[in-house]
Amino acid sequence: MQFAFRNEIEGSMVKSMLSRHGISRRLLTKVKFDGGKITVNGQEKNAIYRLEKDDLVTVTVPDEPDNEKLIPDDFPLNVLFEDDHYLVVEKPAGKPSITGSLHPTGAMSNAVKGYISQKNYANQTVHIITRLDRDTSGLMFLAKHRYAHALMNQHKFRDTMEKRYFAIVNDQDLPDSGRIDLPIGRRDDSIIQRQVRFDEKAKDALTSYVVAERKNDLALLDIILHTGRTHQIRVHFSHLGYPLIGDDLYGGNHDLISRQALHCHHLQFLNPFTDEMVHVELDMPEDMKNLLK
C-alpha cells in the first residue's frame, strides 16, 4: 500500500515530514526492515534525507502478515461501512469484542478475521478502534491497516469521532436532558466494576443525554459519550439512581430484558484519507424495541 505526501518545509528530513502526517517511528521501522520503501520524486531515499519544498515523498508500507494466534470465525458480518481504510460493523449483544485466554473464538475479532480472510485482503491484521461490552449491541469501528489505525488515534481525527448510544432506564422524574461530569475509576474490590470516585485513581468522564421517548414507565435516552471510560454510561446512570434496564452489574435486573439495554446506534468520524465526514446509523435491536411497545 502506498501513500504520497508533498513536502511544505524546506530542509525538513523525510522522517520529520512523515511524522507530521501521522507515520510513526515504529511504522518507519516496518517500512525499513519489512520490505517497504521510501522514494522522493521517484528516487529511493532513507528517512534522514533532507527535502526541498514541494518534493513528493511516497511511502510503500509492507503488507501486514496473518496473526496465526487469532482464529477466524465463519460469522455473517453486517457491514455498515467499508472503504480501503476503515470498516464499521454491527456487534450483536452477547458477543465479546475481543478474545480472551479462555475463549479464543466467538468474539468480533474472530468474525472480522474470518471476513478479511475470505476477502483475501493484503493486510490480515485486525485493528479495533472502538469496542463494546459483551452485552452491549451496536456499531464497532475498525481500521484495515496500521496507518489508518494510527491516524484515528491523533487528536485532530479522534476529536471528530462521535458515538451515540440508546439506553433505557426507569422513568422516575428523570430530567429531559443533562450532562454528567463525574470522574470514574475501578472499584478497589473488583477488577471488573467501575464507580464514580474523586481521587487520584479516577479519570475525567463526561456524558450527555436527551430523553428521546417515554413509555411504559421507561425512558429511552439518546446519549453522547464525550470520553471513553470503561462502563462509562452504565456507571454514570447507576450513580444517579437510574441503572440501565437489564444491567445487573450496576443495580438493574433481568426482569424485562436479559442484558443491559444499551446500543451504539450512531458513529461519525472524519476520514483522514478523503477529508469527508462519515455518518453511520444502526437501528435499535428488537429486544430493546420490545420494552417500548
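Scoring rules and cut-offs
Residues numbered from 1 in each chain as written. Predicted model: local features only at pLDDT ≥ 70, side-chain atom pairs only at ≥ 80, totals over all residues. Heavy atoms only, no water. Helix = DSSP H or I, 4+ residues; strand = E, 2+ residues; numbered from the N terminus. Buried < 20%, exposed > 50% of the residue type's maximum accessible area, 1.4 Å probe, protein only. Contact = heavy atoms within 4.5 Å. Areas by Shrake-Rupley, 256 points an atom, 1.4 Å probe, with all protein chains shown as cover. Pairing = 2+ DSSP bridges. Domains from an automatic or database assignment. Polar contact = N/O pair within 3.5 Å; in protein donor to acceptor, adjacent residues only side chain to side chain. UniProt positions renumbered as here; feature names shortened; annotations may be inferred. Phe/Tyr/Trp six-rings, centres within 6.5 Å; stacked < 30°, edge-to-face > 60°. Lys NZ or Arg CZ within 6 Å of the ring centre and 35° of its normal.

Novice: Please explain the overall build of the chain as it appears in this structure.
Specialist: Secondary structure summary: the chain contains seven helices and 16 strands in total. Within the chain, the fraction of its 293 residues that count as buried is 49%. Intrachain contacts of the chain at a sequence separation of at least 6 include 63% that bridge at least 24 residues. When the accessible area of the chain is evaluated, it comes to approximately 15,300 Å², of which 46% is carbon and sulfur surface.

Novice: I would appreciate a short explanation of the sheet that holds strand S3 (residues 43-44) in the present structure.
Specialist: The strands making up a sheet associate through backbone hydrogen bonding, with each pair oriented either parallel or antiparallel. Ordered in space as S1-S4-S2-S3, the four strands form an open sheet in which the pairing is antiparallel. Each of the sheet's edge strands pairs with one partner strand only, and the pair in question is strand S1 (2-6) and S3. Sheet topology places S1 next to strand S4 (residues 56-60); five bridges connect them, and they run antiparallel. Following the sheet pairing, Phe-3 is matched in S4 by Val-59.

Novice: Whenever I open this one, the domain arrangement of the chain confuses me. Can you help?
Specialist: Reports often express the size of an interface as the amount of accessible area lost when the parts come together. Annotation of the chain at the domain level lists domain 1 (2-60), domain 2 (63-153) and domain 3 (162-264). Between the C-alpha centres of domain 1 and domain 3 there is a distance of 45 Å.

Novice: Please explain the side chain of Gln-124 as it appears in this structure.
Specialist: The topology assignment puts Gln-124 in the loop between helix H3 (108-119) and strand S7 (127-130). Since its relative accessible area comes to 12%, Gln-124 is described here as buried. Looking at Gln-124, its side chain comes within polar contact range of the side chain of Ser-117, at 3.3 Å.

Novice: Even after reading the chapter, I still don't get the UniProt feature "active site" (unreviewed entry) in the chain, so can you show me in this structure?
Specialist: This chain's UniProt record puts "active site" (unreviewed entry) on Asp-133. Examined against the element boundaries, Asp-133 turns out to sit in the loop between S7 and strand S8 (137-143). The class for Asp-133 is partly exposed, based on a relative accessible area of 25%. Ignoring sequence-local partners within four residues, the contact set of Asp-133 consists of Lys-91, His-231, Arg-234 and Gln-260.

Novice: Looking at this model, I keep getting lost on the UniProt feature "domain: Pseudouridine synthase RsuA/RluA-like" (unreviewed entry) in the chain. Mind explaining?
Specialist: Mapped onto the present numbering, the UniProt feature "domain: Pseudouridine synthase RsuA/RluA-like" (unreviewed entry) falls at residues 85-239. The distance separating the terminal C-alpha atoms of residues 85-239 is 39 Å; by composition the span is 20% helix and 35% strand.

Novice: What should I look at first to understand helix H6 (residues 232-239) in this one?
Specialist: One turn of an α-helix holds 3.6 residues; hence residues three or four places apart share an orientation. H6 sits mainly inside the fold: six of its eight residues count as buried. Phi turns positive one or two residues past the end of H6, at Gly-241, with a value near 95°.

Novice: Where do I start with unusual backbone geometry in this structure?
Specialist: Leaving glycine aside, a negative phi is the common case for residues, and trans is the common case for peptide bonds. Unusually for a residue other than glycine, Asp-54 sits at a positive phi of about 75°. Take Asp-54: it is sitting in the loop between S3 and S4. The exposure class of Asp-54 is partly exposed, given its relative accessible area of 44%. In the Ramachandran plot, His-231 falls in the positive-phi region, its phi being about 60° despite a non-glycine side chain.

Novice: Could you clarify how one ought to interpret the packing of aromatic side chains in this entry?
Specialist: Both the distance between ring centres and the angle between the ring planes are used here to describe each pair of aromatic rings. Under the counting rule described, the total for this entry stands at 10 aromatic pairs. With centroids separated by 5.5 Å and ring planes inclined at 40°, the aromatic side chains of Tyr-86 and Phe-141 adopt a geometry described as tilted. Here Tyr-86 is found in strand S6 (residues 86-91), whereas its partner Phe-141 is found in strand S8, with 55 residues between them in sequence. By relative accessible area, Phe-141 is classed as buried at 0%. Linked through ring pairs, Phe-3, Phe-81, Tyr-86, Phe-141, Tyr-147, Phe-269 and Phe-273 together constitute an aromatic cluster. The ring centre of Phe-75 lies 4.2 Å from the NZ or CZ of Lys-95, which sits over that ring. Of note, Lys-144 hangs over the ring of Tyr-121, and the distance from its end group to the ring centre comes to 4.2 Å.

Novice: Explain the environment of Arg-134 here, please?
Specialist: Turning to its location among the elements, Arg-134 is positioned in the loop between S7 and S8. For Arg-134, a relative accessible area of 45% gives the class partly exposed. Taking C-alpha positions, Arg-134 is 48 Å from Gly-42, a pair spaced 92 residues apart along the chain.

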